[in-house]
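What follows is each chain in one-letter form.
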Amino acid sequence: MKTLVCLSGLLCDERLWKSQQEALQADYQCVFPSISTHQRIQDLASHILETTPEHFCLAGMSAGAVLALEVLRQSEQSVNKRIEKLALIAANPHALTDENKNATLQSIKTIEQIGMEQFVKQDILPAGLSQTHQNNHHLQSLIVEMAESVGLKAYKNQVAMLNTRSGSLELLAKTDVPILAVCGQEDRRCPPAFHETIAQTASRCKLVSLEKTGHYINLESPERLNQALLQFLAD
């Protein structure tokens, strides 16, 4: 059985991937490394490579996609390239900006002031979900529960890790690893333009754009994401 390494976004855990795990379980063992264990993205990527099989497929959502690109960067530098296929979901291939860094640092202060639940409801959900899912209370409750489970201490590590990233456009231009880029058409955090750039830059990239979907693609459009992943991994 092949391995699919699944890297979650900020304040998410493996529940993010529940539908994908079920859809792929006949052919893939999904594993879910924590993205909270290191404060430098380079160290975390190295740790993932040290603790995964020699060859594997890789999928990352949001911050997990940024991390996945660093894993790809380090894999490309080795003699034996280890990543067979890469799925980038709600991804940002660009370099860190001061605005990005300041926003994540401010989010820590906000959580300390108003608590995790209120922060997610006030800052994450309105911008993170499509209009279709703004009143999806089950989905919103799950996102809050994941964030509370991750907790502030781990989130601080995630923010520190993410704030050590570099841009990946040069990497994408050089790699020959097959890539699937999946975007939500209503994603305001990692908009479709980011994924169009990925598809235009990487030589072997398929772009999938999902209607009525925001940032939380795994949860908002699980069946359509599953279909895209199944086809991509089978090709």
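The present account deals with the structure reproduced in this document. All values derive from a computational prediction rather than experimental measurement.

Let us look at unusual backbone geometry. If you check the backbone angles, Leu11 has positive phi at about 60 degrees while not being a glycine. Of note, Leu11 is situated in the loop between strand S1 (2–7) and helix H1 (18–24). The phi dihedral of Ser62 falls on the positive side, at around 60 degrees, and the residue is not glycine. Assignment of secondary structure puts Ser62 in the loop between strand S3 (56–61) and helix H3 (63–76). Note on Ser62: relative accessible area 16%, which makes it buried.

What follows concerns the layout of surface pockets. Space inside the largest pocket adds up to approximately 770 Å³. Surrounding the largest pocket, 33 residues form its lining, Leu10, Ser62, Thr104, Leu162 and Arg189 being those nearest its centre. For the lining of the largest pocket, the per-class residue count stands at 19 nonpolar, nine polar and five charged. Estimated volume of the second largest pocket: approximately 210 Å³.

So, about the packing of helix H4 (residues 98–114) against helix H5 (residues 116–128). It is at 7 Å that the axes of H4 and H5 come closest, and there the two elements cross at 125 degrees. By the criterion of interaxial angle, the relationship of H4 to H5 is oblique. Where H4 crosses over H5, the handedness of that crossing is right-handed. Contacts between H4 and H5 involve Ser107, Thr110, Ile111 and Ile114 on the former and, on the latter, Met116, Gln118, Phe119, Gln122 and Asp123.

Moving on: helix H2 (residues 41–50). When H2 is considered as a whole, its buried residues turn out to be Ile41, Leu44, Ala45, Ile48 and Leu49. The buried residues of H2 occupy one face: seen down the axis, they fall within an arc of 140 degrees. Turning to H2, the residues buried within the fold contact S1, S3, H3 and helix H6 (137–162).

Counting residues in each nonpolar core, the largest one holds 45 residues, and the members touching the most others are Leu4, Val120, Ile143, Leu180, Val182, Tyr216 and Leu219. Of all the elements, H6 adds the most residues to this core, at ten residues. Setting aside its immediate chain neighbours within four residues, Leu4 contacts Leu24, Tyr28, Gln29, Cys30, Val31, Cys57, Leu58 and Ala59. Val5, Ile41, Ile48 and Ala65 belong to the second-largest nonpolar core, a separate cluster that totals 31 residues.

Strand S4 (residues 83–89) sits mainly inside the fold: six of its seven residues count as buried. Between the parallel pair S3 and S4, the chain is carried across by H3, and the sense of this crossover is right-handed. Two elements, S4 and strand S5 (residues 179–184), share four bridges in a ladder whose sense is parallel. Its bridge partner lying in S5, Ala87 is registered against Leu180.

What follows covers the pairing of S5. Burial runs high along S5: six of the six residues are buried. Taking every second residue as pointing to the same face, both faces of S5 are buried, with Ile179, Ala181 and Cys183 on one and Leu180, Val182 and Gly184 on the other. Taking the sense of rotation as the criterion, the β-α-β connection linking S5, helix H8 (residues 192–201) and strand S6 (residues 205–210) turns out right-handed.

This part covers the pattern of salt bridges. Oppositely charged side chains are able to pair whenever their charged atoms sit close together. All told, the structure shown has ten salt bridges when counted by the stated rule. Asp13 is the partner of Arg15 in a salt bridge, and the nearest nitrogen-oxygen pair spans 2.7 Å. A relative accessible area of 17% means that Asp13 is categorised as buried. Here Arg40 and Asp43 are joined by a salt bridge, their closest N and O atoms 3.0 Å apart. A residue is classified by how much of its surface remains accessible, and Arg40, at 41% relative accessible area, is partly exposed.

Tallying each qualifying case throughout the model produces zero disulfides. In this structure Cys30 is a free cysteine whose sulfur lies 4.2 Å from that of Cys6, the closest cysteine sulfur available. You can call Cys30 buried: its relative accessible area is 10%. This cysteine, Cys57, is not joined by any disulfide, and Cys6 carries the nearest cysteine sulfur, 10 Å off.

Definitions and limits used
Residues numbered from 1 in each chain as written. Predicted model: local features only at pLDDT ≥ 70, side-chain atom pairs only at ≥ 80, totals over all residues. Heavy atoms only, no water. Helix = DSSP H or I, 4+ residues; strand = E, 2+ residues; numbered from the N terminus. Buried < 20%, exposed > 50% of the residue type's maximum accessible area, 1.4 Å probe, protein only. 1 Å grid on protein atoms, 1.4 Å probe; cavity = no way out; pocket = protein on both sides within 12 Å on 5 of 7 lines; lining within 4 Å. Points joined across faces, edges and corners; volume = space filled by probe spheres on them. Nonpolar A, V, L, I, M, F, W, Y, C, P; charged D, E, K, R; others polar. Axes fitted to C-alpha atoms, helices over the stretch in contact; angles between N-to-C directions. Parallel < 35°, antiparallel > 145°, perpendicular 65-115°, else oblique. Left-handed = near helix turned anticlockwise from the far one by under 90°. Contact = heavy atoms within 4.5 Å. Arc of directions from axis to C-beta. Core = buried A, V, L, I, M, F, W, Y, C linked by side-chain atoms within 4.5 Å. Right-handed = clockwise from strand over helix to strand, strands pointing away. Pairing = 2+ DSSP bridges. Salt bridge = Lys/Arg side-chain N within 4 Å of Asp/Glu carboxyl O. Disulfide = S-S within 2.5 Å.

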